[in-house]
Amino acid sequence: MTEFLLAVPRRPRRGLTLDLTRSRLRAVADGYAPFVGPVYDQEPVIVEPSVTTVALVFQRTGGPALAAAEGDRWAVTGGHPVWDELIRNVRRVGSRLGYDRPVWGQYAAVMVERHVDRVTAWATVPAFDGLYWAQDSEHVYVSNRPLLVALALAAGHRVVAADAKGFGLPEVRLGLIPGWSGVWRVPHLIGPEAAVDVVLKNPLDDNRMLDARAAHGLGLMDRIVEGDLLDAGLELAAALVAGDESVAAELAAHRDRDVSDAAWDRALAALERLQAARPGRHLPARRHLEALFTGARTRTRAESAQAEADALGTLLHSPEFRRTVYAFLGLVQGRAKRPAGDPGRELAREVRKVGIVGAGLMAGQLALVFARHLRVPVVMTDVDAERVERGLAGVRAQVEKMVSRGRLSAEDGEALAGLITADTDKAVYADADIVIEAVFEELEVKRTVFRELEGIVREDAILMTNTSSLSVAAMAEVLEHPERLVGFHFFNPVAVMPLVEIVRTEATTDEVVATAFELTRRLRKTGVLVHDATAFVVNRVLLRMMGEVQNSFDEGTDAHEADHALDPLALPMTPFTLLAMVGIPVAQHVSESLSASFGAERFPVSANLQRLIDAGKTAIWAKDVRPDRRDEEAAGATGEQIPEATAALLEQGSTPQTSEELLRRVEDALAEEIGLLLDERVVAAPEDVDLCMILGANWPLHLGGITPYLDDCGAAERVNGRRFHPAAQA
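So, here's what we can say about the structure. (Residues numbered from 1 in each chain as written. Predicted model: local features only at pLDDT ≥ 70, side-chain atom pairs only at ≥ 80, totals over all residues. Heavy atoms only, no water.)

1. Quick notes on the overall build of the protein
And then number 1: Secondary structure assignment for the protein yields 28 helices and 23 strands.
And then number 2: The 730 residues of the protein split such that 55% are buried.
And then number 3: Intrachain contacts of the protein at a sequence separation of at least 6 include 74% that bridge at least 24 residues. (Helix = DSSP H or I, 4+ residues; strand = E, 2+ residues; numbered from the N terminus. Buried < 20%, exposed > 50% of the residue type's maximum accessible area, 1.4 Å probe, protein only. Contact = heavy atoms within 4.5 Å.)

Okay, here's the thing in structure tokens:
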């Protein structure tokens, strides 16, 4: 028997429901959302058709010609056109392969993935064994959407549309491991060295995806198709059925990958280095993946399938996975698209020209983002011609880099650069619809800018500030029309970080807030509404965390102990490295603002950091010293060493803490600060805090942002006397 796996995207009508009686499918709900997978169960299941992969088995001799929907019956309601589409495609495929009619029979399966808007694949499969294929046979997988990579890997051959993007195996980032024997199939298909990147490195690199050509180059795909995808898949299937030796030789040559013992040795060494270098090696998904990948070297696929099934059974019930489901489905895919406090896009004003006050690094980043996504003129200003020209040169250099890396065509790059101009005269803002300031983080400097702007811009123009910590209301005090001012805080680097904190004052109108939200959507960002309070959400939470670690160090805790006390959280970087990246003067300035607003007990200002600033030091560890200062400042020190001249500036007390004590101290401090922040109604709910920390600080999904973790570790109840989330939902 030869089976062919064919995927044909179609958009379902809303309301389609499939009742799969006696199917091997059961919805397993644990936590915030169901995980759906084939298991042995006799109960009927109602499946929402976000993505429905219907299995069809083709057989040339004996038995049914086509089989679908194992079990007694299909009941289809409210979506007959989709069912008719399925029948038409079945008949089309069948006729091309020599079958005269569809007959429903015994061997098939259905898989469902949530939160995707298309019926994605009609697929042939042999039989099921738990979550995995029971046997290998000749399949061809044809798809112009990269949704079912693990399913495609089960096919013998894969055909992909040339413009398809987004191929990857992101499961580790989501607290799982690749199913459908993916951990075993990938290294045996493309070689173990390349597989390390696909199954681990790419997911850890913010879920880096492959396009069709990269997937083909690695060997994940066998052919790239420019024309009709289904016809190309059927052509390949027919050639395989006919035993075409030239096609077989072509495919064999394309799949010639190094799977030798030496290649496995190198791959496992690379895996070890990657695990050691990235925070979170202790997390359950990372541990299981490492063990499964290592075992794939000697296990059969069936043995690996059983081990993967056991691992998935454990991971699905882990708190890390539960928090990840909350963070990814509930927040990133849910609340981010329906933000609290958005007055509605119907109130948003049209934006046809953007002004940016300043021409420095941040202003240049803002100019590129606005011009690239809005496709409207953007004009910057600065105090003299030299700064203006330097700012424009920086923008042009960034555009040239995008062109050289293939992210823009030369024509598009030229058009983008042409949208951005600069001047020394703020009169260029007279016809701008919005003007955003990106000047020095000093209240009086910003007030001066807004006083001047109000005498230049139109009465209906919106004024914005990119402040990271200062009071927006205090800036609005100098305006005759404070209702037009809104905070619009981007995170660095602007092109990468998806969060914008939209800061509303008591005076800000709904139209201004609605325009800010609509801008974030057009800029492909996520806006979260925050009310005017020092440092808003992300910087306030970050500085409370960093301050507790710095204070513990100042009190006598060993530097390595202090910097690595939070390693169990698997944050993107340690506090000392984050301090160096943000910049010690910047962090100290925000700490001073927070201390002035909320008191030195929660936000003390470190005397040690001030000494480093006064001496021109850029980091605590030698490895974090700014490159242009390395020779002078590091003076030969490397890695996690404190350079001798830096150490001489630091004074410590005599009350050190263990890493466990410091971790608990930070957990309790975060629970307190977030509790206070919510009491002050800076944001509407704990979910907004979590969304901010995920999108603005890149905090990991397995923490759920932060509040579900603070519930689980007990800090919320220890400090606040209550959880952030109900026990059944957190």
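2. What about the packing of aromatic side chains?
Each aromatic ring pair is specified by the distance between its two centres and by the angle formed by the two planes.
And then number 1: In the structure shown here, the tally under the stated rule is six aromatic pairs.
And then number 2: Ring geometry for Trp 264 and Phe 293: centres 5.5 Å apart, planes at 55°, overall tilted. Taken together, the residues span a long stretch of sequence, with Trp 264 in helix H8 (residues 261-277) and Phe 293 in helix H9 (residues 284-295) at a distance of 29 residues.
And then number 3: With relative accessibility at 2%, the residue Trp 264 sits in the buried group.
And then number 4: Summarising the aromatic geometry, the rings of Phe 576 and Trp 621 are spaced 5.8 Å apart at their centres and angled 55° between planes, so their arrangement reads as tilted. Of the two residues, Phe 576 is situated in helix H20 (residues 575-582) and Trp 621 in the loop between helix H22 (607-614) and helix H23 (630-634); the sequence distance between them amounts to 45 residues. (Phe/Tyr/Trp six-rings, centres within 6.5 Å; stacked < 30°, edge-to-face > 60°.)

3. As for the environment of Val 719
And then number 1: The topology assignment puts Val 719 in helix H28 (residues 715-720).
And then number 2: Along the sequence, Val 719 and Gly 675 sit 44 residues apart, while their C-alpha atoms lie 8.9 Å from each other.
And then number 3: Contacts of Val 719, omitting those with residues within four sequence positions, involve Asp 668, Ala 671 and Glu 672.

4. Digging into empty space enclosed by the protein
Regions of empty space are outlined by a rolling probe, equal in size to a water molecule, passed over the atoms.
And then number 1: Summed over all chains, the structure comprises eight cavities of 30 Å³ or more.
And then number 2: Of the volumes computed, that of the largest cavity is approximately 190 Å³.
And then number 3: When residues of the lining of the largest cavity are traced back to their parent elements, those giving at least two are helix H18 (538-555), H20 and helix H21 (584-598).
And then number 4: In terms of residue count, the dominant contributor to the lining of the largest cavity is H18 (seven residues). (1 Å grid on protein atoms, 1.4 Å probe; cavity = no way out; pocket = protein on both sides within 12 Å on 5 of 7 lines; lining within 4 Å. Points joined across faces, edges and corners; volume = space filled by probe spheres on them.)

5. Some words on the packing of H18 against H20
And then number 1: Between H18 and H20, whose axes approach to 10 Å, the crossing angle comes to 120°. For the crossing formed where H18 meets H20, the hand is left-handed. In this structure, H18 contributes Leu 542, Met 545, Met 546, Val 549, Gln 550 and Phe 553 to the contact, and H20 contributes Pro 575, Phe 576, Leu 578 and Leu 579.
And then number 2: The residue makeup of the contact of H18 with H20, split by class, is nine nonpolar, one polar and no charged. (Axes fitted to C-alpha atoms, helices over the stretch in contact; angles between N-to-C directions. Left-handed = near helix turned anticlockwise from the far one by under 90°. Nonpolar A, V, L, I, M, F, W, Y, C, P; charged D, E, K, R; others polar.)

6. Some details on the nonpolar core
And then number 1: Judged by nonpolar contacts, the single largest core of 84 residues is most densely connected at Leu 542, Met 545, Val 689, Met 693, Trp 699, Ile 706 and Leu 710.
And then number 2: Dropping the residues within four chain positions of it, Leu 542 is found in contact with Leu 578, Met 693, Ala 697 and Trp 699.
And then number 3: Within the second largest apolar cluster, 43 residues are counted, among which are Ala 367, Phe 370, Ile 502 and Leu 529. (Core = buried A, V, L, I, M, F, W, Y, C linked by side-chain atoms within 4.5 Å.)

7. Notes on the packing of H18 against helix H26 (residues 686-697)
And then number 1: Running from N to C, H18 and H26 cross one another at 80°; their axes reach a closest spacing of 9 Å. With respect to H26, the element H18 is oriented roughly perpendicular. In this structure, H18 uses Val 538, Val 541 and Leu 542 to contact H26, whose residues at the interface are Cys 692, Met 693, Gly 696 and Ala 697.
And then number 2: Each residue belonging to the contact of H18 with H26 can be placed in one class, and the counts come to six nonpolar, one polar and no charged. (Parallel < 35°, antiparallel > 145°, perpendicular 65-115°, else oblique.)

8. So, H26
And then number 1: Between its first and last C-alpha atoms H26 spans 16 Å; for twelve residues at 1.5 Å apiece the expected length is 16 Å, and the two agree.
And then number 2: Burial of H26 is extensive: eleven of the twelve residues sit out of reach of the surface.
And then number 3: Within the span of H26, buried status applies to Pro 686, Asp 688, Val 689, Asp 690, Leu 691, Cys 692, Met 693, Ile 694, Leu 695, Gly 696 and Ala 697.
And then number 4: Phi for Asn 698, located one or two positions after H26, is positive at around 60°. (Expected span 1.5 Å × (residues − 1).)

9. Some thoughts on H22
And then number 1: Regarding H22, the residues found buried are Asn 608, Leu 609 and Leu 612. Axial view of H22: buried residues confined to an arc of 100°, hence all on one face.
And then number 2: Tucked inside the fold, the buried residues of H22 contact H18, H20, H21 and helix H24 (644-647).
And then number 3: If you check the start of H22, you find a side-chain oxygen 3.3 Å away from the backbone N of Asn 608, and it comes from Ser 606. (Arc of directions from axis to C-beta. Polar contact = N/O pair within 3.5 Å; in protein donor to acceptor, adjacent residues only side chain to side chain.)

10. As for the sheet that holds strand S17 (residues 378-381)
Note: strands within a sheet are paired through backbone hydrogen bonds, in either parallel or antiparallel orientation.
And then number 1: Read from one edge of the open sheet, eight strands run S18-S17-S16-S19-S20-S21-S22-S23, paired in mixed fashion. The open sheet is flanked by strand S18 (420-423) and strand S23 (526-531), the only strands paired with a single partner. Neighbour-to-neighbour, the strand axes of this sheet turn through a mean angle of 25°, independent of strand direction.
And then number 2: Judged from the four bridges that link them, strand S16 (residues 354-357) and S17 form a sheet pairing that is parallel. The residue bridging Gly 355 from the neighbouring strand is Val 379, located in S17. (Pairing = 2+ DSSP bridges.)

11. Digging into the pairing of strand S19 (residues 434-437)
And then number 1: Residues of S19 alternate between two faces, with Ile 434 and Ile 436 on one and Val 435 and Glu 437 on the opposite face, all of them buried.
And then number 2: Examined bridge by bridge, S19 and strand S20 (residues 462-465) share four bridges and lie parallel to one another. Residue pairing for S20: Ile 434 is matched across the bridge by Ile 462.
And then number 3: Taken together, S19, helix H15 (residues 443-454) and S20 form a β-α-β motif whose crossover is right-handed. (Right-handed = clockwise from strand over helix to strand, strands pointing away.)

12. Remarks on the side chain of Lys 353
And then number 1: Within the secondary structure, Lys 353 is located in the loop between helix H11 (319-332) and S16.
And then number 2: A relative accessible area of 16% means that Lys 353 is categorised as buried.
And then number 3: Separated by 2.6 Å, the side chains of Lys 353 and Asp 431 make a polar contact.
And then number 4: Residues in contact with Lys 353, not counting those within four places in the same chain, are Val 376, Pro 377, Val 379, Val 428, Asp 431, Ala 432, Asp 433 and Ile 434.

13. Things to note about the side chain of Thr 534
And then number 1: Looking at where Thr 534 falls in the secondary structure, it is placed in the loop between S23 and H18.
And then number 2: A polar contact is formed between the side chain of Thr 534 and the side chain of Ser 597, at a distance of 2.6 Å.
And then number 3: For Thr 534, the residues in contact, after removing those within four places along its chain, are Ser 469, Arg 540, Ser 593, Leu 594, Ser 597 and Phe 598.

14. Section: the pairing of strand S14 (residues 157-161)
Two faces make up the sheet, and in a regular strand the side chains alternate between them.
And then number 1: Of all five residues in S14, five are buried; the element is thus mostly enclosed.
And then number 2: In this sheet, strand S15 (residues 223-225) lies alongside S14 in parallel orientation, the contact comprising three bridges. Bridge pairing links Val 160 to Ile 224 in S15.

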